[in-house]
Each structure stands twice: as C-alpha cells, then as structure tokens.
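# Summary of the model geometry
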Amino acid sequence: MSKVVVMDHPLIQHKITYLRDKNTGSKEFRELLNEISMLMAYEVTRDLPLTEVEIETPICKAKSYVLAGKKLGVVPILRAGLGMIDGILELVPHARVGHIGLYRDPKTLEPVEYYCKLPSDVTERDLIVVDPMLATGGSAAAAIQFIKNRGCKSIRMMNLIAAPEGIERVQKAHPDVDIYVACVDEKLNSHGYIVPGLGDAGDRLFGTK
Ligand code: PRP
Ligand code: URA
C-alpha cells in the first residue's frame, strides 16, 4: 500500500487557513496556492537521490552533492492544478510540465478527459501529479491511469486538501503511488465537495464564479 504524508508544517497550515477563507479573492488565492505548493514541493522531493561530485571552492577542492537519477516532471490536472505550477517550478526550474485536462461531470461526479499533453521523454522522468483538491478521487485516479498508460512508472501525487474518500480511492486504484497532502478534511457533501474544504478551487483561482 502507498504511503500518505500529511504536511502539517505551521507555515503551510497558516497559509491554508487564508486559502480556505471565502473572503479571500482570486489574486490572493493564486499567490497563496503557489506559496503552499512551493513549500509542499520541498517535502515531496525530500527523498530524491543525490550523487557525489568534486568541485573547487575558492578555498580548496571539495566533495559535494547534486541531484542524481531520473529527471522530474510535474503534471497539473486542469484547471486548478495550473495554480500550483509556478510555485513548484521555483524549486525545480528544470522540471518538464505535462498537462491533463479533466473535469468532473456534475451529475455522475466521474471525470471527463478533454486534454492530455505530456513531455516526449515522460517515461524517463519521476512524475508529480498535482491538483489542489482530492475529493472523490475520480480525477486523480483517472489522471494517474492516463500517465501509466503512457508507460510511466514513477509517480507521486500532491494535493492541498483531501477527503478520506479520495485518498482511499487513489490508494485502491494505484497502491504504488504515494500521496502528499497538507490537510485531510472531514468528508464530502452530497455534491461531492470537500467539507470544510475551500469550495471550487478552479473557480476561486480563475474568478469564474
Ligand atoms: C476539481 C479539482 C479536481 C477535482 C477533484 O476540478 O481541481 O480536479 O475537482 O474532484 P474529484 O476528486 O471528485 O475528481 P473540476 O472538475 O472542478 O474542474 P476545474 O478544475 O476545471 O474547475
Ligand atoms: N473540486 C473542488 O474544486 N472542490 C471540492 O471541494 C471538490 C472538488
């Protein structure tokens, strides 16, 4: 079974409070989402392998470390996942970015795909799938499946707010994918929204409601 890492760092929790607040407008919402994503990316990349190299400081020769292993890819689930990209790229600027377009059918709550564009060397990369919200888990499970269908094996998932139902669904469908979240909320309501959550992440990010 995959692991679920809850990032309860005080800075993340503080910023999420303002993100949840219904009085936070789109500009501030975007800024907070990027800041939290950067902080979370720090933790999600904690176990990246290092290799030793020799360098020369102004003082002497020294052994030091650089990232080794596969290169990174970040895959936001559209639309709301887009709001996490800039923050993550601040930390890992050479990561390639793929996009998966999915929306939830409002009646069935099942994901509908409308776009998929991944880096050409995607199978050679460690991938982080990102979306602020993990509600029923349908979108995340489908996005991960698209990526696996392209031959990718090393995938982790990063969400800000998750419902227990969503975590369970992704873990069941993809027991090899570790999940990194900032908060696990109480439940889903009858419309599939996370309670207390933050409302519709895409609408709040882009001001579409
Ligand atoms: C939201 C969110 C996730 C999905 C989560 O996107 O950003 O992708 O819902 O719900 P689930 O876990 O039940 O699948 P939405 O479908 O509202 O599309 P949008 O980002 O374009 O607004
Ligand atoms: N999508 C959102 O944007 N918010 C939720 O609470 C659930 C799905």
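Residues numbered from 1 in each chain as written. Chains lettered and ligands numbered in written order. Predicted model: local features only at pLDDT ≥ 70, side-chain atom pairs only at ≥ 80, totals over all residues. Heavy atoms only, no water.

## Things to note about the overall build of the chain
- Across its full length, the chain holds six helices and 13 strands.
- By the compact-globule yardstick of 17 Å for 209 residues, the chain fits well, its C-alpha radius of gyration being 18 Å.
- Seen through its C-alpha atoms, the chain measures out along the principal axes to roughly 65 × 40 × 30 Å.
- When burial is assessed residue by residue, the chain has 47% of its 209 residues classed as buried.
- Within the chain, contacts between residues separated by at least 24 positions form 64% of all contacts whose residues are at least 6 apart in sequence.
- Split by element, the accessible area of the chain, about 11100 Å² in all, is 53% carbon and sulfur.
- Between the centroid of the 26 positive side chains of the chain and the centroid of its 27 negative side chains there is a distance of 3 Å. (Helix = DSSP H or I, 4+ residues; strand = E, 2+ residues; numbered from the N terminus. Rg over C-alpha atoms; globule rule 2.2 N^0.38 Å. Buried < 20%, exposed > 50% of the residue type's maximum accessible area, 1.4 Å probe, protein only. Contact = heavy atoms within 4.5 Å. Areas by Shrake-Rupley, 256 points an atom, 1.4 Å probe, with all protein chains shown as cover. Lys, Arg positive; Asp, Glu negative; His and termini not counted. Charge placed at Lys NZ, Arg CZ, Asp CG, Glu CD.)

## Regarding the site of ligand 1
- Looking at ligand 1, there are 16 residues lining it, with Arg104, Asp131, Thr136, Gly137 and Ser139 nearest.
- Contacts to ligand 1 include Ala80, whose backbone N or O atom sits 3.3 Å from an oxygen atom.
- Note that an oxygen atom of ligand 1 is positioned 2.8 Å from one of the backbone N or O atoms of Gly137.
- Calculation on ligand 1 without its partners gives an accessible area of 500 Å², and the protein chains cover 91% of this total.
- Those elements that place two or more of their residues in the shell around ligand 1 are β4 (71-78), β6 (99-104), β9 (133-134) and α4 (138-149).
- Of the residues contributing to the shell around ligand 1, the split by class is seven nonpolar, five polar and four charged. (Near = heavy atom within 4 Å. Polar contact = N/O pair within 3.5 Å; in protein donor to acceptor, adjacent residues only side chain to side chain. Nonpolar A, V, L, I, M, F, W, Y, C, P; charged D, E, K, R; others polar.)

## Details of the packing of aromatic side chains
- Per the stated rule, a full pass over the model turns up one aromatic pair.
- On the basis of an interplanar angle of 35 degrees and a centroid distance of 6.2 Å, the ring pair of Tyr103 and Tyr114 is categorised as tilted. Placement of Tyr103 in strand β6 and of Tyr114 in strand β7 (residues 111-117) is noted, with a sequence separation of eleven residues between them.
- With relative accessibility at 44%, the residue Tyr114 sits in the partly exposed group.
- When the ring centre of Tyr193 is taken as origin, the NZ or CZ atom of Arg104, which lies over that ring, is 5.6 Å away. (Phe/Tyr/Trp six-rings, centres within 6.5 Å; stacked < 30°, edge-to-face > 60°. Lys NZ or Arg CZ within 6 Å of the ring centre and 35° of its normal.)

## Section: the pattern of salt bridges
- Under the criterion given, the structure shown has twelve salt bridges.
- The shortest N-O distance in the salt bridge between Glu31 and Lys27 comes to 2.9 Å. Remark: Lys27 and Glu31 occur in helix α2 (residues 26-44); sequence separation between them is four residues, near one turn of the helix.
- For Glu31, a relative accessible area of 36% corresponds to the partly exposed category. (Salt bridge = Lys/Arg side-chain N within 4 Å of Asp/Glu carboxyl O.)

## Notes on the site of ligand 2
- Every residue lining ligand 2 is accounted for by Arg104, Met133, Ala135, Gly192, Tyr193, Ile194, Gly199, Asp200 and Ala201.
- Residue Ile194 places a main-chain N or O atom 2.8 Å away from an oxygen atom belonging to ligand 2.
- Within the complex, the protein chains bury 88% of what would otherwise be the 240 Å² of accessible surface of ligand 2.
- Partitioned by chemical class, the residues of the shell around ligand 2 number five nonpolar, two polar and two charged.

## Remarks on the environment of Asn149
- Checked against the element boundaries, Asn149 lands in helix α4.
- Residue classification places Asn149 among the exposed residues on the basis of a relative accessible area of 56%.
- A sequence separation of 38 residues divides Asn149 from Pro111, and the C-alpha atoms of the two residues are 17 Å apart.

## Here we look at unusual backbone geometry
- Between Leu78 and the following residue, Arg79, the backbone shows a cis peptide bond with an omega angle of -5 degrees.
- Topologically, Arg79 is positioned in the loop between β4 and α3 (82-91).
- The omega torsion across Val195 and Pro196 is 0 degrees, close enough to zero to call that bond cis.
- With respect to the element layout, Pro196 can be found in the loop between β13 (194-195) and α6 (201-206).
- Phi angles above zero are rare outside glycine, and Leu109 is one such case at about 65 degrees.
- Note that Leu109 resides in the loop between β6 and β7.

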